[in-house]
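Chain by chain, the residues run as shown.
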Amino acid sequence: MTKKFYITTAIDYVNARPHIGHAFEKVLADAIARWQKLNGKEVFFLTGTDENAQKNAQAAKEAGIPTQEFVDKNSKIFIELCKKLSISNDDFIRTTEQRHVKTAQEIFKKAYDKGDIYKGTYEGSYCYGCEAYKTEKDLVDGKCPQHPNREIVLLKEEAYFFKLSKYRDQLIEFVPKYIIPKSKKNEILSRLKTEELKDLCVSRTNLDWGIDSPIDPKFKIYVWIDALTNYISGASGNWPADLHIIGKDINWFHSVIWPAILISTDYELPKKLLVHSFLNLKGTKISKSLGNIIDPLKLLENYPSDSLRYSLLRCNIFEDSDYSKDILIERNNKELADKLGNLISRVSALAEKNGIEKIENSLLKKLKLEEIKKKFEEYELDKALTLIFEFVDKCNTYVQEKKPWETQDKKVLYELVDSIKALSILLWPFIPETSEKIAKSLGFEIKSLDQINNPLEVKSIKKSPILFEKIKMGE
Ligand SMILES: [Zn+2]
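A brief report on the enclosed structure follows. Please read these numbers as outputs of a predicted model, since none were measured by experiment.

Thresholds, definitions, all that
- In every chain, residue numbers begin from 1 and rise along the written sequence.
- Local features are withheld for residues below a pLDDT of 70 in this predicted model, meaning they are given only at 70 or higher, and side-chain atom pairs are given and counted only at 80 or more; totals for whole chains, interfaces and linings count all residues.
- Working from all heavy atoms in the structure, the side-chain values ignore hydrogens and water.
- The rule for a salt bridge is simple: a side-chain nitrogen of Lys or Arg has to be within 4 Å of a carboxyl oxygen of Asp or Glu.
- Numbering goes from the N terminus for both helices and strands, where a helix is a DSSP run of H or I of at least four residues and a strand is a run of E of at least two.
- Here the term buried applies to any residue with accessible area under 20% of the maximum for its type, exposed to any over 50%, and partly exposed to those in between, with areas from a 1.4 Å probe on protein chains only.
- Lining residues are defined by having an atom within 4 Å of a point belonging to a cavity or pocket. Those points lie on a 1 Å grid over the protein atoms alone, cavities being sets where a 1.4 Å probe fits but cannot get out and pockets being open sets with protein on both sides within 12 Å along at least five of seven lines.
- Grid points are joined across faces, edges and corners, and a volume is the space filled by probe spheres set on the points.
- The nonpolar class holds Ala, Val, Leu, Ile, Met, Phe, Trp, Tyr, Cys and Pro. Asp, Glu, Lys and Arg form the charged class, and all remaining residues, Gly among them, are polar.
- Whether two aromatic rings pair depends on their centres lying within 6.5 Å, for rings of Phe, Tyr and Trp, where Trp uses its six-membered ring; planes under 30 degrees apart make the pair stacked, over 60 edge-to-face, and the rest tilted.
- Two thresholds decide whether a charge sits over a ring: the Lys NZ or Arg CZ must be within 6 Å of the ring centre and within 35 degrees of the ring normal.
- Angles here are taken between N-to-C directions and fall from 0 to 180 degrees, while the axes themselves are lines fitted to C-alpha atoms, restricted in helices to the stretch in contact.
- When an angle is under 35 degrees it counts as roughly parallel; over 145 it counts as roughly antiparallel; between 65 and 115 it counts as roughly perpendicular; any other value is oblique.
- For a crossing to be left-handed, the near helix must be turned anticlockwise from the far one by less than a right angle; the clockwise case is right-handed.
- Working rule for contacts: check all heavy atoms of both residues, and any pair within 4.5 Å makes them a contact.
- Identification of polar contacts relies on pairs of N or O atoms within 3.5 Å, with a donor-acceptor requirement for protein atoms, meaning one able to donate a hydrogen and the other able to accept it, and with residues adjacent in sequence counted only if both atoms are side-chain atoms.
- The criterion is simple. A nonpolar core is a set of buried Ala, Val, Leu, Ile, Met, Phe, Trp, Tyr and Cys residues joined through side-chain atoms within 4.5 Å.
- Strands pair, by our definition, only if DSSP identifies at least two bridges between them.

**Structural notes on the pattern of salt bridges**
Tallied over the full model, the rule gives 40 salt bridges. In this structure, the salt-bridge partner of K119 is D216, at a minimum N-O distance of 3.7 Å. Taken as a pair, K119 in strand β5 (residues 117–127) and D216 in the loop between β10 (203–204) and β11 (220–221) lie far apart in primary sequence, 97 residues in all. Exposure remark for D216: the relative accessible area of 12% places this residue in the buried category. The salt bridge involving K358 is made with E457; its shortest N-O contact spans 2.8 Å. Here K358, found in the loop between α12 (325–354) and α13 (369–377), pairs with E457, found in the segment after α17 (432–442); they are 99 residues apart in sequence, far enough to count as distant. The exposed category is assigned to E457, whose relative accessible area is 52%. Through salt bridges with shared partners, one network takes in K119, E158, D216 and K218.

**Some remarks on empty space enclosed by the protein**
Scanning the entire structure with this criterion turns up 1 cavity of 30 Å³ or more. If you add up the space inside the largest cavity, you get close to 110 Å³. Around the largest cavity, the lining is made up of 15 residues, and of these N52, A53, Q54, I221 and V223 lie nearest the centre. Secondary-structure elements contributing two or more residues to the lining of the largest cavity are β11 and α7 (223–228). Among the residues making up the lining of the largest cavity, the classes are represented as 8 nonpolar, 3 polar and 4 charged.

**Regarding the packing of aromatic side chains**
As enumerated under the stated definition, the model contains 15 aromatic pairs in all. Taken together, the ring pairs in this structure connect Y6, F44, Y231, W239 and W258 into an aromatic cluster. In this structure, K110 is placed above the aromatic ring of Y267, and the distance from its NZ or CZ to the ring centre is 5.0 Å.

**Describing the packing of α13 against helix α14 (residues 381–402)**
Contact geometry for α13 and α14: axes closest at 7 Å, N-to-C directions at 165 degrees. Our classification of the angle between α13 and α14 gives roughly antiparallel. Here the hand of the crossing between α13 and α14 comes out left-handed. Mapping the contact onto sequence places E371, I372, K375 and F376 in α13 and L381, K383, A384, L387 and I388 in α14.

**Some details on unusual backbone geometry**
In this structure, the amide linkage connecting I180 to the following residue, P181, adopts the cis form with an omega of 0 degrees. With respect to the element layout, P181 can be found in the loop between β8 (179–180) and α6 (182–194). Along the chain, W239 connects to P240 via a cis peptide bond; the corresponding omega equals 10 degrees. Along the polypeptide, P240 turns up in the loop between α8 (230–233) and β12 (243–247). The phi torsion at S86 lies on the positive side, around 55 degrees, for a residue other than glycine. Along the polypeptide, S86 turns up in the loop between α3 (67–84) and β4 (91–94). Look at S86 and you get buried, because its relative accessible area is 19%. Although it is not a glycine, Q408 adopts a positive phi angle of roughly 50 degrees. Among the structural elements, Q408 can be located in the loop between α15 (404–407) and α16 (410–427). Of the residues examined, Q408 reaches a relative accessible area of 43% and is grouped as partly exposed.

**Looking at the environment of T8**
Relative to the elements of secondary structure, T8 occurs in strand β1 (residues 4–9). Separated by 209 residues in sequence, T8 and P217 place their C-alpha atoms 31 Å apart. Apart from residues no more than four positions distant in its own chain, T8 is found in contact with L46, Y231, L243, H244 and I245.

**Looking at the side chain of R34**
Mapped onto the fold, R34 is located in helix α1 (residues 20–38). One polar contact links the side chain of R34 to the main-chain carbonyl oxygen of S86, over a distance of 2.8 Å. Excluding residues that lie within four positions of it along the chain, R34 makes contacts with S86, S88, R309, W428, P429, P432 and E436.

**Considerations on the nonpolar core**
Soluble globular proteins tend to pack their nonpolar side chains together in the buried interior. The biggest cluster of nonpolar side chains holds 102 residues, and the ones touching the most others in it are I7 and I32. Those residues in contact with I7 that sit more than four places away from it in its chain are A29, I32, A33, V43, F44, F45, L46, L243 and I245. Residues L155, I225, Y231 and A235 belong to the second largest nonpolar core, which totals 60 residues.

**Remarks on the sheet that holds strand β7 (residues 153–162)**
Whether parallel or antiparallel, the strands of a sheet pair through hydrogen bonds between backbone atoms. Strand order across the open sheet formed by 4 strands is β6-β5-β7-β9, with antiparallel pairing between neighbours. Strand pairing shows two members of the sheet lacking a second neighbour, β6 (132–134) and β9 (200–201), which therefore form its edges.

**Observations regarding the sheet that holds strand β16 (residues 321–322)**
Pairing is mixed across the open sheet formed by 3 strands, whose spatial order is β15-β14-β16. Only two strands of the sheet have a single partner each, and these edge strands are β15 (284–285) and β16.

**A look at the side chain of S255**
For S255, the location among the structural elements is in helix α9 (residues 251–264). A relative accessible area of 0% means that S255 is categorised as buried. There is a polar contact of 2.6 Å between the side chain of S255 and the side chain of N251. Discounting chain neighbours no more than four positions away, the residues touching S255 are L171, V175, Y178, I179, I188 and L273.

Right, here's the structure in full:
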């Protein structure tokens with residue numbers, strides 16, 4: 001029986017256009033989803049948009065259009081981004097969809113019936129940017145560090161609370177096997193052990209936008225039980241998730257609040273949470289409030305999807321990385337065009353002209369496949385790419401040493417072609433469109449990792465089309 005693998009990204013706010021961080025998380029999840037497919041898993045991949053947030057209603061008001069129309073329009077932009085980036089998601093959940101509204105209300109009701117949701121009064125500092133109440137500790141000089149240009153306001157209101165405090169011991173037990181990487185796990189664990197775990201406000205009043213509370217129509221369901229439950233409303237029967245992928249700013253919500261809601265409502269717990277870091281622009285956080293957004297859809301108007309994917313996946317996911325258009329261009333030119341593209345165009349042209357003759361592939365022994373697998377298992381995708389490109393270098397060196405353009409050695413050409421086959425499979429999670437083009441010119445279809453060790457059985461090779469054009473800096 002094939003094992004299923006249910007993978008999710010965070011859902012995105014639709015109050016603005018997608019930025020490069022959204023693209024980063026989606027290609028990261030997509031690369032992992034594709035890797036799992038190569039390993040024979042039956043993958044279910046969910047992404048989506050968070051549409052009930054008050055800031056969507058605010059943004060719609062500013063744009064002068066009805067909120068539903070606004071979120072319909074903007075969620076389409078996120079769907080378009082997924083398509084243009086060749087994201088292989090199986091479903092796209094929008095939290096204004098009826099299937100989601102129903103699930104969120106059911107889960108809220110279930111927690112209430114269990115006695116885990118009660119009525120009280122809430123008073124606290126609130127950041128409209130985060131849509132979250134803030135404790136003193138969350139603020140730097142009285143400002144939200146994520147939204148330094150916004151004012152923190154004091155809110156006081158009647159509200160429903162979720163008994164988060166009740167689940168502390170269970171969370172301390174759960175978290176160690178859940179969060180990746182270790183540094184992010186330790187952060188949460190230490191907070192759970194040393195801080196008072198306060199009950200959580202799960203409702204809001206005076207809103208005209210959002211999901212109605214199923215127990216008190218004066219209230220809307222506030223963020224947590226709404227947004228987080230998308231992983232169940234969009235699961236199509238695949239719950240529990242094998243892997244949630246999220247940014248480091250929402251680690252607490254996914255590590256503490258989400259499992260507590262699930263324990264309370266008798267759902268199975270997700271298996272793993274992968275917490276990635278952020279992309280920086282020349283050392284500065286990329287954010288809307290700082291006005292240094294990189295728009296991935298704009299990049300995709302000028303550059304191939306695979307070049308964008310590749311340049312993003314070369315970033316370390318566990319530490320903040322620098323990213324810019326120049327980095328995209330440099331990686332495209334030096335690695336994709338000069339190394340990979342060159343290898344394939346030379347070898348495929350020679351193989352088409354001279355033919356190939358099957359022998360045991362001695363070159364393939366230089367591929368560090370086990371190490372690459374290990375890097376994937378540890379989600380160090382950039383390091384997997386480094387190892388794959390080490391093998392590209394070895395193939396290029398082999399061409400130089402064996403000079404098949406002089407010798408017309410069909411056996412050497414076979415070894416090279418068979419090695420390129422292995423590369424196309426290993427690169428499929430990163431640059432799927434290109435990998436599929438390579439596979440086509442070699443006359444096979446990418447299906448599984450096992451194909452790497454099964455020798456290529458074709459008799460003739462077609463010259464590959466040009467895979468990557470060089471991009472001029474500043475273009
Ligand atoms: Zn904030």
